[in-house]
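# Topology and contacts: notes
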Amino acid sequence: MIRSWARAISFILLVALYISCQKSDFIPIATSATPPRTVFQTDSTKSNNIVESQVKNKTQLIDIPSVNPNIVLDIRYATQNNFTKRRLYPVARCLLRASVARKLSLVQQDLEKQSLGLKVYDCYRPLSVQRQMWRLFPNPRYVANPAIGSRHNRGAAVDVTLVDRNGDELEMPTEFDNFTVRAHINYSGGSSRSRRNRQILQNSMKQRGFMPMPSEWWHFDGAGWENFSVLDLPLESSP
């Protein structure tokens, strides 16, 4: 009889201990909240006001960070990470005609409402660099003949992709400078996510007057590019 009571008491104690342990799982633990990292550090809506008030000549070349510092720069031709495998620019700068830069800033503002942003691969390109590219890859479908000049040489074209709030690139059908049909804007292959991201980029750029290039999903021409002359100003000496 005594042994039975002892076993019963032991069982009750074990049950009570189990229940107390289960309840302890629900005790809240205070943690320090870490704010999410973001590359959008400034209010982009103020950027275009700076351009309007400070730039009287809409054709002059200006640095895109002075217009909208939230636009991420990854100037590939200032590195060896491009189709030439050579460093063609002495400095990593994104220069654009003022009117084109302002439109690109508006695209950035639009995208930030979706927690997205722009990363720029190339902007103004000196004509002397265009000649180097043509010697290496004389295919007018992907590299403009320097005898005519590229829209990049006019400071009126940009090569861009999308990034998230952390500055990480979104998936696209190809990498930058991919000279295959997979880079065409009507390419139906690849993942559905990459095609959706490409369409978001296309829609956002076209909404602000940029025209896409059929063979390169990353390339866009600013409206009125034909009104700008071809330039061969060194990037490092441009104002």
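Just above sits the structure.
Now for a quick tour of the structure. Since this is a predicted model, take the numbers as computed values, not measurements. (Residues numbered from 1 in each chain as written. Predicted model: local features only at pLDDT ≥ 70, side-chain atom pairs only at ≥ 80, totals over all residues. Heavy atoms only, no water.)

## A word on the layout of surface pockets
To keep it simple, the criterion reads: The way it works is a 1 Å grid over only the protein atoms, where trapped points that fit a 1.4 Å probe form a cavity and open points with protein on both sides within 12 Å along at least five of seven lines form a pocket, and then any residue with an atom within 4 Å of a point lines it. Grid points are joined across faces, edges and corners, and a volume is the space filled by probe spheres set on the points. Only DSSP runs of H or I reaching four residues or more are called helices, and only runs of E reaching two or more are called strands; each is numbered from the N terminus. Three classes are used: nonpolar for Ala, Val, Leu, Ile, Met, Phe, Trp, Tyr, Cys and Pro, charged for Asp, Glu, Lys and Arg, and polar for all others, with Gly counted as polar.
The calculated volume of the largest pocket comes to roughly 340 Å³. If you trace the largest pocket, you find 25 residues lining it, with Tyr142, Val143, Ala144, Ser150 and Met213 closest to the centre. Going through the elements one at a time, α5 (127–136) and β7 (216–221) are the ones with two or more residues in the lining of the largest pocket. Tallied by class, residues from the lining of the largest pocket come to twelve nonpolar, six polar and seven charged.

## Considering the side chain of Asp122
For clarity, the cut-off: Between N or O atoms, a polar contact is any pair within 3.5 Å; within protein, one atom must be a potential hydrogen donor and the other a potential acceptor, and residues adjacent in sequence are included only when both atoms are from side chains. Should any heavy atoms of two residues lie within 4.5 Å, those residues are considered in contact.
In this fold, Asp122 is placed in strand β4 (residues 116–122). For Asp122, the side chain forms a polar contact with the side chain of Tyr89, separated by 2.9 Å. In this structure Asp122 touches Ile75, Tyr77, Tyr89, His152, Ala157, Val158 and Asp159, once residues within four positions along its chain are discounted.

## Quick look at the sheet that holds strand β6 (residues 211–213)
Put simply, the rule reads: A pair of strands is considered paired only if DSSP assigns at least 2 bridges between the two. Lines fitted to C-alpha atoms define the axes, with helix axes restricted to the stretch in contact, and inter-axis angles between N-to-C directions lie between 0 and 180 degrees.
The five strands are arranged β2-β4-β5-β7-β6 in an open sheet whose pairing can be described as mixed. Each edge of the open sheet is held by one strand with a lone partner, namely β2 (72–73) and β6. Note that strand β5 (residues 157–164) and β7 share three bridges and pair antiparallel. What sits directly across from Val158, in β7, is Phe220. Seen against the sheet, helix α4 (residues 98–112) touches β4 and β5 and runs at an angle of roughly 145° to β4. Relative to β5, helix α6 (residues 192–207) is tilted by about 130°, and along the sheet it contacts β4, β5, β6 and β7.

## Description of the nonpolar core
A general trend in soluble globular proteins is that nonpolar side chains are found buried together. Put simply, the rule is: What is meant by a nonpolar core is a set of buried Ala, Val, Leu, Ile, Met, Phe, Trp, Tyr and Cys residues, joined one to another through side-chain atoms within 4.5 Å. For every residue, the accessible area (1.4 Å probe, protein chains only) is compared with the maximum for its type, and the residue is labelled buried under 20%, exposed over 50%, or partly exposed between those bounds.
Membership of the largest hydrophobic core comes to 48 residues, with the highest contact counts inside it found for Leu96, Leu104, Leu118, Val158, Leu201 and Met205. Here this core takes six residues from α4, the largest share from any one element. With residues up to four places along the chain from it excluded, the contact list for Met205 reads Leu104, Val107, Leu118, Val158, Val160, Phe210 and Phe220.

## A closer look at α5
Short version of the rule: The reported arc concerns the directions from the helix axis to the C-beta atoms and nothing else.
For α5, the complete set of buried residues consists of Leu127, Val129, Gln130 and Met133. Viewed along the axis of α5, the buried residues span an arc of 150°, placing them on a single side of the element.

## Remarks on the packing of aromatic side chains
The condition that has to hold: When two rings of Phe, Tyr or Trp (its six-membered ring) have centres within 6.5 Å they constitute a pair, described as stacked for plane angles under 30 degrees, edge-to-face for angles over 60, and tilted for the intermediate range.
A full pass over the atoms with the stated rule returns ten aromatic pairs. When the centroid spacing of 5.4 Å and the interplanar angle of 70° are considered together, the rings of Phe176 and Trp218 count as edge-to-face. A residue pair is termed long-range when its members are at least 10 positions apart, and Phe176 in the loop between β5 and α6 and Trp218 in strand β7 qualify at 42 residues. On the basis of relative accessibility, which here comes to 6%, the residue Phe176 falls in the buried class. With a centroid separation of 5.4 Å and an interplanar angle of 85°, the aromatic rings of Trp217 and Trp218 are classed as edge-to-face.

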